[in-house]
Amino acid sequence: MSDAVLRVGVLGCAGIARRRMLPAMTAAPGIEVVAVASRDAAKAAETARTYGCRPVTGYPELLALDEVDAVYVPLPAALHERWVAAALRAGKHVLAEKPLTTDRARTAELLTLAHGLGLVLMENVMFVHHGQHEVVRTALAEGAIGELRAMHAAFAIPRLQDADIRYDADLGGGALWDVGVYPVRAALHFLGPELRVAGAVLTEGDGRRVDTSGAAVLHTPEGVTAQLTFGLDHPYVATYELWGTEGRLTVERAFTPPADFRPQVRLRRADGAQELPLACDDQVANTLAAFVRAVRDAQGGEEARDGRADVLRQAELLEEIREAAGLAASDLGVRREDGER
């Protein structure tokens with residue numbers, strides 16, 4: 001693909017697709033939303049009408065369309081493996097919601113399949129594309145807090161409605177898969193791929209079949225630690241803090257800041273505190289731009305190769321956290337059937 005517009009189809013009418021991704025796609029340069037599919041014809045028609053594209057009943061029917069170059073997959077996590085693989089085998093590039101799968105071996109298989117077919121497979125972890133984190137990386141590299149010693153990261157949200165799919169074990173629900181991905185990826189982003197899991201706890205809320213809260217301790221070979229907390233039954237928290245020998249850096253609204261939010265990155269040292277100057281940024285638009293750039297390179301280029309490595313290491317760490325907490329992947333009981341949020 002050169003500079004042609006990337007024609008995208010959407011598999012499912014999930015809330016995140018309707019609230020965030022479809023509006024961003026229709027506004028993004030280099031992208032045209034050409035079709036949206038649902039198992040429910042009425043839902044497909046309603047969503048397609050809103051975004052001026054073609055409604056399609058059934059996911060295989062959308063994947064058969066020649067006018068679709070790439071697909072966005074916002075289905076529940078337990079369904080990603082089947083439909084991402086089907087999209088790749090249909091010759092489509094794929095942007096899939098996180099986590100790519102709930103099993104590291106299956107994640108590796110999908111990444112290998114995409115690479116072998118010369119297609120881009122990108123996991124939709126958007127916060128890494130926000131400019132505030134590059135500012136933090138630069139500050140670390142310049143020694144703003146001395147030698148890095150520890151990281152604390154947390155992402156938690158208030159209790160959801162009982163029928164929410166994030167409480168459904170059969171669809172890959174649970175706090176680790178839904179919100180735990182963020183602090184894990186933040187630790188990977190700043191501390192590197194040699195992170196190891198020292199211990200973890202996952203707790204099921206009353207009457208739930210999935211974990212609703214959790215914590216993990218990770219460490220690098222050099223002994224830099226990462227303390228991660230996440231949950232589905234908490235006040236809203238989305239932050240991380242990096243501690244060094246001479247100070248600390250704190251990021252508020254680290255994972256889901258809206259495009260008009262001015263980032264707040266605070267540097268504290270013995271000689272005082274200051275906020276680093278940052279401008280508003282749109283991580284959704286940045287993520288879509290990164291996807292388009294990757295597709296325009298036949299093999300995804302260096303950016304996509306680095307992304308594949310991060311996706312796989314993230315999948316390994318998530319599974320290691322489950323194992324450390326005594327919940328192996330085989331205990332999930334996820335079903336491999338159709339479904340959408």
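Structural data are supplied above this passage.
Residues numbered from 1 in each chain as written. Predicted model: local features only at pLDDT ≥ 70, side-chain atom pairs only at ≥ 80, totals over all residues. Heavy atoms only, no water.

**Q** Quick question: what am I supposed to make of the pairing of strand 8 (residues 196–204) here?
**A** Regular strands place side chains that alternate from one sheet face to the opposite one. Pairing geometry for strand 8 and strand 9 (residues 211–219), over eight bridges, is antiparallel. Note that in strand 9 the partner of Ala200 across the bridge is Ala216. As consecutive antiparallel partners, strand 8 and strand 9 are separated by six residues, and within that stretch Gly207 has a phi angle of approximately 75 degrees, a positive value. (Pairing = 2+ DSSP bridges. Helix = DSSP H or I, 4+ residues; strand = E, 2+ residues; numbered from the N terminus.)

**Q** Looking at this structure, I do not really get the side chain of His80. What am I missing?
**A** If you trace the backbone, His80 turns up in helix 4 (residues 80–89). We classify His80 as buried; its relative accessible area is 0%. Separated by 2.6 Å, the side chain of His80 and the backbone oxygen of Leu75 make a polar contact. Once you skip the residues sitting within four places of it in the chain, His80 turns out to touch Val73, Leu75, Ala85, Glu97, Lys98, Pro99 and Leu100. (Buried < 20%, exposed > 50% of the residue type's maximum accessible area, 1.4 Å probe, protein only. Polar contact = N/O pair within 3.5 Å; in protein donor to acceptor, adjacent residues only side chain to side chain. Contact = heavy atoms within 4.5 Å.)

**Q** Please clarify how unusual backbone geometry should be interpreted in this entry.
**A** Excluding glycine, residues mostly have negative phi values, and the peptide bonds linking residues are mostly trans. The amide bond that connects Lys98 to the next residue, Pro99, takes the cis arrangement and shows omega of -10 degrees. As for its position among the elements, Pro99 is in the loop between strand 5 (93–97) and helix 5 (104–117). The phi dihedral of Arg253 falls on the positive side, at around 50 degrees, and the residue is not glycine. For Arg253, the position within the fold is in the loop between strand 12 (247–252) and strand 13 (264–269).

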